[in-house]
Amino acid sequence: MGIDTKGVVATHCKDVFFIVGQVERAIKALVYPGWKKERQSKLPDTEPRYRLPIVELSAESRGVQIHFTLNGDQRSLWVFFNCDSDNLALAPASISLSFGAWGESVTVMQAALDSLAVLGDCFLRASDGGSEGYEQVSLTAPCSYLDAVVAKQSRASPIRLAQWMELHDAGQLRPGSFMERIGLDFSEAKASLEGEFEACCAFINSKLPPNALSI
């Protein structure tokens, strides 16, 4: 049996699309610089050292695998949605993440947890082959949807804004006011979603710091 690096997010949120989207974008941010440089310089017949993440659903396991290549290492990160009973010592409900404890596993896991910290406290176990247990990790996670757009952990689009607002209304983001969790005035945000797609994108971008470019 292999040794894994594991992560846990204390949350009742089981929104597969939101959670996997956050983790996928976090991994893409790690892979993309090397991937872009390699595409510009590598020889046609050489084996790629960087591959952007690809998501695979595993219905039987109630989980998702995210496959990617980083610095020549082919990796697969699992995200599980039905493992609450495994983490009761940490939280009554949770999301579990796991993959092989080698290479840059801790760096990747920290990035994945950072992208999900808007949902709740995060815990990391660098290796389940040792005596050390989970430790709560202090992350530099965005505090709101608008912060996530600045950090390139979300997009300036009506789809993403509506998703975050639904999670806020369901009480699945960290506790706080609408302004604290979304970063926008409620009336303005709601009105923007009732307008045209392009107008909503422009509204969100107008609220970003001058030096921030949404993707």
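Engineer: Teacher, can you tell me more about the overall build of the chain here?
Structural biologist: Counting its regular elements, the chain contains 7 helices and 7 strands. For the chain, the succession of helices and strands along the chain, N to C, is β-α-β-β-β-β-α-β-β-α-α-α-α-α. Along the first, second and third principal axes, the C-alpha atoms of the chain reach 55 × 50 × 30 Å. The 215 residues of the chain split such that 43% are buried. In the chain, 56% of the contacts between residues at least 6 apart in sequence involve partners at least 24 apart. Approximately 11500 Å² of the chain is accessible, and the part contributed by carbon and sulfur atoms is 52%. For the chain, the distance from the average position of its 20 positive side-chain charges to the average position of its 26 negative side-chain charges is 6 Å.

Engineer: Before we go on, may I ask you to explain empty space enclosed by the protein in this structure?
Structural biologist: Gaps between atoms show up when a probe of the same size as a water molecule is rolled over them. Enumeration over the complete set of coordinates arrives at 1 cavity of 30 Å³ or more. The computed volume of the largest cavity comes to approximately 40 Å³. Lining the largest cavity we find Phe-68, Leu-70, Asp-73, Arg-75, Glu-104 and Val-108. Those elements that place two or more of their residues in the lining of the largest cavity are β3 (63–70) and β4 (73–80). Its residues placed into classes, the lining of the largest cavity shows 3 nonpolar, no polar and 3 charged.

Engineer: Honestly, the sheet that holds β4 in this entry has me stumped. Any pointers?
Structural biologist: Within a sheet, neighbouring strands are paired by backbone hydrogen bonds and run either parallel or antiparallel to one another. Reading across the sheet, the 7 strands line up as β2-β3-β4-β5-β1-β6-β7 and stay open at both edges, with antiparallel pairing between neighbours. Looking at the sheet topology across the chains shown, the edges are occupied by β2 (51–58) and β7 (135–136). Two elements, strand β6 (residues 122–125) and β7, share 2 bridges in a ladder whose sense is antiparallel. Residue Phe-123 lies in a different strand from β7, and its bridge partner there is Gln-136.

Engineer: Which parts of the structure should I look at to understand the pairing of strand β5 (residues 94–100)?
Structural biologist: In regular strands, side chains alternate between the two faces of the sheet. Among the 7 residues that make up β5, 7 are buried, leaving the element largely enclosed by the rest of the structure. As paired strands, strand β1 (residues 4–10) and β5 are joined by 7 bridges and run antiparallel to one another. Across the sheet, Gly-7 pairs through a bridge with Leu-97, a residue of β5. Sheet analysis places β4 next to β5, joined by 3 bridges and oriented antiparallel. Opposite Trp-78, over in β5, you have Ser-98 as the bridge partner.

Engineer: I would appreciate a short explanation of the pattern of salt bridges in the present structure.
Structural biologist: Close approach of charged atoms allows side chains with opposite charge to pair. Applying the stated criterion across every chain, the model contains 5 salt bridges. Two residues, Glu-47 and Arg-51, come together in a salt bridge whose shortest N-O distance is 3.7 Å.

Engineer: What exactly am I supposed to notice about unusual backbone geometry here?
Structural biologist: Among all residues except glycine, the phi angle is most often negative; among peptide bonds, the trans geometry is most common. The residue Arg-62 is not glycine, and still its phi comes out positive at about 50°. When you line up the elements, Arg-62 lands in the loop between β2 and β3. At Asn-71, a position not held by glycine, the phi torsion is positive, near 55°. By the secondary structure assignment, Asn-71 is in the loop between β3 and β4.

Engineer: Just checking my understanding: could you explain the packing of aromatic side chains for this structure?
Structural biologist: The description of an aromatic ring pair rests on the distance of the ring centres and on the angle between the ring planes. Considering all chains together, one arrives at 5 aromatic pairs under this definition. A centroid spacing of 5.6 Å and a plane angle of 35° characterise the contact between Tyr-32 and Trp-35, whose relative ring orientation is tilted. Residue Tyr-32 and its partner Trp-35 are both found in helix α1 (residues 16–41); the two are separated by 3 residues, about one turn of the helix. Of the residues examined, Tyr-32 reaches a relative accessible area of 34% and is grouped as partly exposed.

Engineer: What should I look at first to understand the environment of Pro-175 in this one?
Structural biologist: Within the secondary structure, Pro-175 sits in the loop between α4 (158–169) and α5 (178–182). Residues Pro-175 and Val-118, 57 residues apart in the sequence, show an inter-C-alpha distance of 9.5 Å.

Engineer: Mind showing me how you'd approach the side chain of Thr-5 here?
Structural biologist: Relative to the elements of secondary structure, Thr-5 occurs in strand β1. At 2.9 Å, the side chain of Thr-5 and the side chain of Ser-105 are in polar contact. In terms of polar contacts, Thr-5 uses its side chain to reach the backbone carbonyl oxygen of Ala-126, at 2.6 Å. Excluding its chain neighbours within four sequence positions, the residues that come into contact with Thr-5 are Leu-97, Ser-98, Phe-99, Gly-100, Ala-101, Ser-105, Val-106, Met-109, Arg-125 and Ala-126.

Analysis parameters
- Residues numbered from 1 in each chain as written.
- Predicted model: local features only at pLDDT ≥ 70, side-chain atom pairs only at ≥ 80, totals over all residues.
- Heavy atoms only, no water.
- Helix = DSSP H or I, 4+ residues; strand = E, 2+ residues; numbered from the N terminus.
- Buried < 20%, exposed > 50% of the residue type's maximum accessible area, 1.4 Å probe, protein only.
- Contact = heavy atoms within 4.5 Å.
- Areas by Shrake-Rupley, 256 points an atom, 1.4 Å probe, with all protein chains shown as cover.
- Lys, Arg positive; Asp, Glu negative; His and termini not counted.
- Charge placed at Lys NZ, Arg CZ, Asp CG, Glu CD.
- 1 Å grid on protein atoms, 1.4 Å probe; cavity = no way out; pocket = protein on both sides within 12 Å on 5 of 7 lines; lining within 4 Å.
- Points joined across faces, edges and corners; volume = space filled by probe spheres on them.
- Nonpolar A, V, L, I, M, F, W, Y, C, P; charged D, E, K, R; others polar.
- Pairing = 2+ DSSP bridges.
- Salt bridge = Lys/Arg side-chain N within 4 Å of Asp/Glu carboxyl O.
- Phe/Tyr/Trp six-rings, centres within 6.5 Å; stacked < 30°, edge-to-face > 60°.
- Polar contact = N/O pair within 3.5 Å; in protein donor to acceptor, adjacent residues only side chain to side chain.

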